[in-house]
Amino acid sequence: APRDDHPGEINNRKDKHLFGFNRVLDPAVSQEDVFEAVARPLCDSALDGYNATIFAYGQTGSGKTFTITGGAERYADRGIIPR
């Protein structure tokens, strides 16, 4: 609820949220380019002893599963996990 809807009640929720992006990839980018830009640096960090997470988030049908697991048709379409 907006802050002014309930006078006398404390509402500590933020009114504004800002989100930063490190990179935005073109929809036509290859699976290899995605791996090199996103996963390889995290894999290298994990091997150096740091925690790393790749979190695929987005609208249904936007390609999250394809990006993570890849396609079965072509070797070049393998995703982040098989690489």
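In this text, all values refer to a predicted model and were calculated from it rather than measured experimentally.

Caption draft 1: How the structure looks around the overall build of the protein. When helices and strands are tallied, the protein shows 2 helices and 0 strands. For 83 residues, the compact-globule formula gives about 12 Å, and the C-alpha radius of gyration of the protein, at 19 Å, lies well above that figure. With the C-alpha coordinates of the protein rotated into their principal frame, the extents come out at 60 × 35 × 20 Å. Burial analysis of the protein (83 residues in total) assigns 12% to the buried set.

Caption draft 2: Inspection of the side chain of D77 at higher detail. Within the element layout of this structure, D77 appears in the segment after α2 (64-69). Those residues in contact with D77, other than ones at most four positions away along the chain, are Q31, F66, G70 and G71.

Caption draft 3: Quick look at helix α1 (residues 31-47). Of all the bends in α1, the greatest reaches close to 45 degrees and is centred on A39; the proline P41 follows between one and four positions later. Of the positions making up α1, those classed as buried are Q31, V34, F35 and A39. Immediately beyond the C-terminal end of α1, within one or two residues, lies G49, with a positive phi of roughly 105 degrees.

Caption draft 4: View of the pattern of salt bridges. Under the criterion given, the structure shown has 2 salt bridges. Across the salt bridge formed by R40 and E36, the nearest N and O atoms sit 2.8 Å from each other. Taken together, the residues R40 and E36, both in helix α1 and 4 residues apart, mark about one turn of the helix.

Caption draft 5: Region of the structure containing the nonpolar core. Counting 5 residues, the largest nonpolar core consists of V34, F35, A39, I68 and I80. Ranked by the residues each element gives to this core, the list is headed by α1, at 3 residues. With sequence-adjacent residues up to four places away left out, A39 is seen in contact with V34, I54 and I80.

Caption draft 6: Spotlight on the environment of G79. Following the sequence through the fold, G79 ends up in the segment after α2. Assessed through its relative accessible area of 1%, G79 is described here as buried. Note: C-alpha distance between G79 and D26 (53 residues apart in sequence) is 16 Å. For G79, the residues in contact, after removing those within four places along its chain, are Q31, F66, T67, I68, T69 and G70.

Definitions and cut-offs
Residues numbered from 1 in each chain as written. Predicted model: local features only at pLDDT ≥ 70, side-chain atom pairs only at ≥ 80, totals over all residues. Heavy atoms only, no water. Helix = DSSP H or I, 4+ residues; strand = E, 2+ residues; numbered from the N terminus. Rg over C-alpha atoms; globule rule 2.2 N^0.38 Å. Buried < 20%, exposed > 50% of the residue type's maximum accessible area, 1.4 Å probe, protein only. Contact = heavy atoms within 4.5 Å. Bend = angle between axes of the 7 residues up to and from the residue. Salt bridge = Lys/Arg side-chain N within 4 Å of Asp/Glu carboxyl O. Core = buried A, V, L, I, M, F, W, Y, C linked by side-chain atoms within 4.5 Å.

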